[in-house]
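# Fold and contact review
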Amino acid sequence: MSLTSALTRRGSAVLVAGIMVAAAAVGGPPLHARAATPAVPAVASTTVTDAPGSSTALKGFAIESSADVPDSGEAISSPDYRPAGWHAAGSRSTVFAALVADGTYKDPFYSENMKAVPKEQFQVPWWYRSEFTVNDTSARTYLNVTGVVSAADVYVNGTLVATADQIAGMYTAHELDITDQVRQGPNAVAFLIRQNDPKKDFTSGWIDWNPAPPDNNMGLVYDISVRRAGAVSLTDTHVITSVDMPSLSSARVTVKATARNDTDRTVTSTVTGSIGDLTFAKDLTLGPRTSKPVMFTPDDTSQLKIDNPRIWWPAGMGDQALYDLQLTARTDGAVTDTAHKSFGIRDVQAPLNQDGARSYIINGHPLLIRGANDSTDLLWRWNAQEVSDRFAYARNLGINAIRLEGHLEPDEYYEMADKAGMLLLPGWECCNKWQDQDSGPYTAHEHEINRASMAAVAARLRNNPSVISFLIGSDKAPTPESASDYKEALNAADWTLPVLSDINRDSVLDYESGMKMTGPYEWVPPVYWYLKKDGGAEGFNSETSAGASIPTMDTLKRMMKDEELTSMWTDPSAVLYHRAPDTSFSTLKDFNTALSARYGKLTGLEDYVRKAQLAQYEAVRAQFEAYGRNFTDEKNPSTGQIYFLLNSPWTSLHWQLFDRYSDQGGAYFGAKKANEDVHIQYSYDNRSVVVVNRRTDAAPGLTAHVDLYNIDGTQRFHRDSDVPTVPGDGGKAIALKEIPKDIPNLDTTYLAKLTLTDSDGKEVSRNVYWLSTEPDVVGDYNWPNNPTTSYGSLDGLNQLAKDKAQVSATATSKSKGDTTEVTVTLTNTGTGQTPALLTDVHLVDGQDKPVLPVTWSDNQVSLWPGESTTLTATVRTSDLNGATPNLRVSGWNIPTGNVAAKPTS
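Attention in this report is confined to the structure presented alongside it. Position numbers for residues count from 1 along each chain, tracking the sequence in the order it is written. A pLDDT threshold of at least 70 governs which residues receive local features in this predicted model, and a stricter bar of 80 or more applies before side-chain atom pairs are shown or counted, although totals over entire chains, interfaces and linings include all residues. The side-chain figures draw on all heavy atoms in the structure; neither hydrogens nor water molecules are used.

## Focus: the packing of aromatic side chains
What counts is decided by this rule: Each pair of aromatic rings taken from Phe, Tyr and Trp, with Trp reduced to its six-membered ring, is defined by centres within 6.5 Å and is described as stacked if the planes are under 30 degrees apart, edge-to-face if over 60, and tilted in the remaining cases. Helix and strand assignments come from DSSP, with helices taken as H or I runs of at least 4 residues and strands as E runs of at least 2, each series counted from the N terminus. A simple rule labels every residue: compare its accessible area, found with a 1.4 Å probe on the protein chains alone, to the largest value its type can have, and call it buried under 20%, exposed over 50%, or partly exposed in between. The rule for a charge over a ring is simple: NZ of Lys or CZ of Arg within 6 Å of the ring centre, and within 35 degrees of the ring normal.
Counted under the stated rule, the structure contains 45 aromatic pairs. Taken together, a centroid distance of 5.7 Å and an interplanar angle of 40 degrees make the contact between Y171 and W428 tilted. On the criterion of sequence distance, the pair formed by Y171 in the loop between β10 (159-162) and β11 (173-177) and W428 in the loop between β28 (423-427) and α6 (436-439) is long-range, its members being 257 residues apart. Judged by centre distance (5.2 Å) and plane angle (75 degrees), the ring pair of F202 and Y442 falls under edge-to-face. With F202 in the loop between β12 (185-193) and β13 (219-220) and Y442 in the loop between α6 and α7 (444-461), the pair connects residues that are 240 residues apart, well separated along the chain. Here F202 falls in the buried class, since its relative accessible area comes to 4%. Within the aromatic cluster, the residues linked to one another by ring pairs are Y171, F202, Y222, W428, W434, Y442, F470, Y486 and W495. A cation sits over an aromatic face here: R310 above Y323, 4.3 Å from the ring centre. Sitting over the ring of W864, K753 keeps its end group 4.8 Å from the ring centre.

The structure is reproduced here in structure tokens:
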């Protein structure tokens with residue numbers, strides 16, 4: 001019996017003799033802390049909506065280890081069962097997340113708290129129990145199950161309705177017909193969830209990103225819902241779109257679904273649909289317990305040929321227009337089911353260029369993918385506001401794409417990406433069960449789970465305009481047998497988007513990669529990114545960064561003990577829990593060695609953190625700038641990159657543009673600077689000054705100003721250059737072919753200030769570099785990085801006068817609804833020539849704690865005497881907790897000070 005066919009039958013039909021599994025009655029004391037008085041957890045019963053087509057998510061669960069529960073699944077799923085002493089869990093919760101939420105364990109993100117949690121308690125199945133109320137039993141009732149990590153037996157009202165052999169795989173989706181089990185009034189459902197091993201189960205893991213949680217995320221990470229329908233159900237509803245290219249003047253929309261007759265009689269049903277003001281309908285006759293496809297095409301339904309459609313565009317290129325499809329089935333005059341899908345109309349092409357590199361063209365416009373890996377919370381705790389904040393940060397950074405490696409979020413994530421205009425590159429995960437090149441040939445049952453996983457994910461993602469590809473492999477392409485599973489499922493789902501074999505140049509069947517996975521994953525100097533080899537700016541680099549990303553001091557003190565912080569900067573070879581479990585990434589040796597070699601001897605924690613922010617700013621800026629400059633090269637152009645990572649799933653010391661608490665340091669503002677719409681930049685390889693234009697329209701009438709300064713502020717070089725019109729869509733123009741190499745009396749460490757002005761003299765872009773006449777020299781590739789054989793000398797920055805540069809700040813705040821905008825004006829009031837380097841402004845509360853998240857128009861700016869700039873910061877008013885916004889102003893060579901923002905109307 002196939003996985004799919006078994007689960008579409010009634011609950012009683014899936015009771016297979018010999019495989020009913022009861023709870024394990026394991027003796028011994030409980031393995032985790034207990035409340036003093038056993039009590040029934042406060043998990044509210046869910047009232048199910050009766051309307052056909054409605055779907056009601058269960059509100060939460062009571063959970064307990066099977067080692068501590070001697071009762072059977074039949075007893076536990078009885079509506080009158082009392083789960084005394086069990087833990088309360090949310091509607092989407094892993095076991096460990098629930099134990100953290102109820103205080104059984106301390107904050108796992110602090111110090112080594114998580115390391116101390118006993119793992120034995122998670123080596124047995126756990127019970128998840130919930131209750132729901134049904135008022136009308138005349139309709140059919142289905143239990144929709146997905147997001148089970150790793151597998152589960154499912155009981156409803158004392159009956160086993162599905163086994164762990166069937167409910168297996170995190171991403172598979174199951175519709176269990178529980179009509180015969182449901183009764184009017186209270187009902188109960190129980191899941192006996194198996195322990196998770198990402199090496200053996202089709203789930204998710206954490207590889208080398210960070211330590212894995214002690215339960216390996218076992219539990220329920222998506223909603224479990226109760227769906228109602230009448231005689232005829234609508235399933236597999238989706239839309240296929242195409243748009244006339246290159247005009248974008250018309251579009252064709254095809255609507256597809258499956259109508260299923262769940263009665264023992266022949267019925268005639270009318271399926272009606274609407275997309276905005278467009279309506280259409282079709283009658284169909286269904287025999288007893290049969291299904292039939294329903295399809296509306298532009299050829300038979302003229303309304304589905306849309307003139308002048310509203311086009312969906314990525315962020316920064318246009319509006320994120322969305323359409324809504326509504327389908328309704330009526331049988332015997334009554335509504336028996338409804339379905340809804342949101343979709344966008346856009347064109348995605350992903351050809352291989354002449355060098356075999358993957359490139360993307362969206363709505364006819366070539367697009368450099370400026371991406372980053374997004375990561376869910378380490379405990380898979382869903383928080384819609386946090387996701388919205390991450391997308392806001394990504395847009396603020398100029399990021400236009402996000403890769404999801406295996407950690408495929410709930411449906412809301414993709415809907416939010418659609419609205420944010422964020423392109424998505426989802427795919428399976430490396431280095432575990434999904435990578436059958438390593439885990440070995442799948443069994444017949446595993447192939448079944450593999451196909452079911454792909455089918456469910458394809459059905460979830462196919463109508464989201466934000467999704468532009470699916471990666472069926474990660475570090476390695478799947479075997480032809482597994483690729484055949486995927487191809488079968490994708491074709492059946494009407495998948496129309498590009499499918500990539502993996503992220504590492506491989507190919508399988510007719511799927512090719514066109515991506516490289518050469519890293520680096522550890523520190524490299526800025527010049528590295530300009531070298532057209534290894535991870536440098538040519539082709540599509542699928543995951544890469546300069547490794548370590550030391551958070552701000554505020555965050556460091558929230559995540560580590562004093563002795564851990566001391567070890568971090570004093571002992572480069574120290575194994576750090578907040579790095580990674582993989583020995584390749586467990587220390588900060590490469591980063592710390594480079595930091596002291598280039599910036600001078602480390603003198604303390606404060607000195608270490610300030611130098612780290614400077615190093616991260618220049619490293620990340622160079623990475624994005626190099627890929628931006630090389631995008632339009634004739635030979636070996638860059639086509640895309642995925643920064644590894646956008647955010648961190650926990651409190652980390654590496655691979656993040658912003659930290660777990662949403663604080664921003666050098667990495668964040670280096671990326672933001674590099675990804676300006678119209679941007680002037682320095683080339684570390686050939687000393688050219690280039691202007692890159694990411695707008696769709698050309699940028700004419702620009703002038704570049706190039707200035708070099710000694711550390712004491714003495715100007716050693718100046719050049720003004722008219723810039724040729726810069727083409728749009730990532731085009732570039734050379735503002736200065738080469739800054740002269742032999743400039744008299746130039747310090748070994750010096751500063752370069754690049755400014756770009758428009759025809760009215762208004763500043764369009766400003767970029768400040770700290771450079772050395774002694775270059776960094778990169779050695780041969782040696783995974784996970786390219787070792788540096790000789791370091792540039794930037795320790796002259798330590799001689800930047802700290803008593804000459806003075807930055808004054810004034811600030812005002814204005815609140816509107818739940819948004820407060822703070823405007824900050826910074827001025828270097830120093831009387832000499834010394835610039836204020838990398839001046840950072842942090843929005844803080846009355847206790848000097850950062851108010852987060854916050855989006856800045858710009859930050860970490862460098863100002864010469866007499867120069868002034870205005871920055872804006874936007875926060876949620878509620879995050880201020882009634883406090884007056886304060887600004888903490890600090891920098892490389894200025895004293896730290898605070899200023900209060902004056903409210904304005």
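## Things to note about the sheet that holds strand β39 (residues 731-736)
What counts, and what does not: Paired strands, as defined in this entry, are two strands with at least two bridges between them according to DSSP. Working convention: axes come from line fits to C-alpha atoms, limited for helices to the stretch in contact. Angles between N-to-C directions cover 0 to 180 degrees. In what follows, a contact means two residues having at least one pair of non-hydrogen atoms within 4.5 Å.
Ordered by their spatial adjacency, 3 strands build an open sheet running β35-β36-β39, and the pairing between neighbours is antiparallel. Both edges of this open sheet fall to β35 (678-682) and β39, since each of them pairs with a single strand only. Each strand axis lies, on average, 25 degrees off the axis of its neighbour in the sheet, ignoring direction. Bridge count for strand β36 (residues 689-693) against β39 is 5 bridges, and the pairing is antiparallel. When the bridges of β39 are listed, V690 appears paired with I734. Against the sheet, helix α12 (residues 605-630) touches β35, β36 and β39, its axis set at about 105 degrees to β35.

## Considerations on the pattern of salt bridges
The condition that has to hold: We define a salt bridge as a side-chain nitrogen of Lys or Arg found within 4 Å of a carboxyl oxygen belonging to Asp or Glu.
What the rule picks out here adds up to 45 salt bridges. For D554, the salt bridge is made with R888, and the minimal N-O distance between the two is 3.0 Å. Residue D554 is located in helix α9 (residues 553-559), and its partner R888 is located in strand β50 (residues 886-891); the two are separated by 334 residues in the primary sequence. Take D554: its relative accessible area is 21%, and that puts it in the partly exposed class. Sharing partners across several salt bridges, the network here consists of E175, R227, R260, D262 and D337.

## Some words on the sheet that holds strand β8 (residues 148-149)
Judged by pairing direction, the sheet is antiparallel, and its 3 strands sit side by side in the order β5-β13-β8 without closing on themselves. The open sheet has two free edges, formed respectively by β5 (93-94) and β8, since each of these has just one partner strand. Of the pairings in the sheet, the one linking β8 to β13 comprises 2 bridges and is antiparallel in character. Bridge pairing in β13 links V148 to L220.

## A look at helix α4 (residues 384-397)
Counted only if it meets this: An expected span of 1.5 Å times one less than the residue number is assigned to each helix. Here a polar contact is taken to be a pair of N or O atoms separated by no more than 3.5 Å, where protein atoms must pair a possible hydrogen donor with a possible acceptor and residues adjacent in sequence count only if both atoms sit in side chains.
In this model α4 runs 20 Å from its N-terminal to its C-terminal C-alpha over 14 residues, within 8% of the 20 Å that 1.5 Å per residue would give. Turning to α4, the residues buried within the fold contact β27 (401-405), α5 (411-420), α13 (666-674), β47 (855-856) and β49 (868-876). You can read the cap of α4 off the contacts: a side-chain oxygen lies 3.0 Å from the backbone nitrogen of Q385, and it is on N383.

## Regarding the pairing of strand β46 (residues 836-844)
Counted residue by residue, β46 has 9 buried out of 9 residues, so it is predominantly covered. Pairing analysis gives 5 bridges linking β46 to β50, with the strands arranged antiparallel. When the bridges of β50 are listed, L843 appears paired with L887.

## Some details on the environment of H447
By the secondary structure assignment, H447 is in helix α7. On a C-alpha basis, the gap between H447 and R460 in space is 20 Å, while along the polypeptide they are 13 residues apart. Sequence-distant contacts of H447, defined by excluding residues within four places in its chain, comprise Y442, E481, S482 and D485.

## As for the state of the cysteines
Just so we agree on the cut-off: Here, the term disulfide refers to a pair of cysteine sulfur atoms separated by no more than 2.5 Å.
Applying the stated criterion to the full structure yields 1 disulfide. Here C430 engages in a disulfide with C431; their sulfurs sit 2.1 Å apart. The sign of the -85 degrees torsion about the S-S bond sets the C430-C431 disulfide as left-handed. You can call C430 buried: its relative accessible area is 3%.

## Let's talk about helix α11 (residues 589-599)
As a reminder, the rule being used: In this context, the arc is that of the directions from the helix axis out to the C-beta atoms.
All of the buried residues along α11 are F591, N592, A594, L595, R598 and Y599. All buried residues of α11 lie within an arc of 165 degrees about the axis, which places them on one face of the element. Buried residues belonging to α11 abut α10 (562-570), α12 and β41 (763-772). Just beyond α11, the residue with positive phi is G600, at close to 105 degrees.

## Observations concerning the side chain of S586
By the element assignment, S586 lies in the loop between α10 and α11. In terms of polar contacts, S586 uses its side chain to reach the backbone carbonyl oxygen of T583, at 3.3 Å. Each residue touching S586, except ones within four places of it in the same chain, is listed here: A574, V575, L576, R579 and A580.

## Observations regarding the pairing of β41
Across the 10 residues that make up β41, a large majority, 8, are buried. The pairing of strand β40 (residues 749-757) with β41 spans 9 bridges and is antiparallel. Bridge assignment links A752 to a residue of β41, and that residue is Y769. Counted along the chain from β40 to the antiparallel partner β41, the turn is 5 residues long, and its residue G761 has a positive phi close to 85 degrees.

## Some words on the environment of I167
Along the chain, I167 turns up in the loop between β10 and β11. We classify I167 as buried; its relative accessible area is 1%. Separated by 13 residues in sequence, I167 and V154 place their C-alpha atoms 8.1 Å apart.

## Observations regarding the nonpolar core
Heads up, the rule is: Each nonpolar core is a collection of buried residues, namely Ala, Val, Leu, Ile, Met, Phe, Trp, Tyr and Cys, held together in the definition by side-chain atoms within 4.5 Å.
Counting residues in each nonpolar core, the largest one holds 222 residues, and the members touching the most others are L143 and F191. Tallying contributions element by element places α12 first for this core, with 8 residues. Those residues within four positions of F191 in sequence are excluded, and the remaining contacts are F61, W126, W127, Y128, L143, V145, A152, D153, V154 and I224. In terms of nonpolar packing, the next biggest core, distinct from the first, is built from 38 residues, W529, Y530, A704 and A752 among them.

## Focus on the packing of α7 against helix α8 (residues 480-492)
Convention followed: What makes a crossing left-handed is the near helix being turned counterclockwise from the far one by less than a right angle; a clockwise turn instead makes it right-handed. Charged means Asp, Glu, Lys or Arg here, nonpolar means Ala, Val, Leu, Ile, Met, Phe, Trp, Tyr, Cys or Pro, and polar covers whatever is left, Gly included.
Direction vectors running N to C along α7 and α8 enclose 40 degrees, while the axes themselves pass 8 Å from each other. Crossing angle aside, the handedness with which α7 passes α8 is right-handed. Contacts between α7 and α8 involve H447, N450, R451, M454, A455 and A458 from the former and E481, S482, D485, Y486, E488, A489 and L490 from the latter. Residue classes in the contact of α7 with α8 are distributed as 6 nonpolar, 3 polar and 4 charged.

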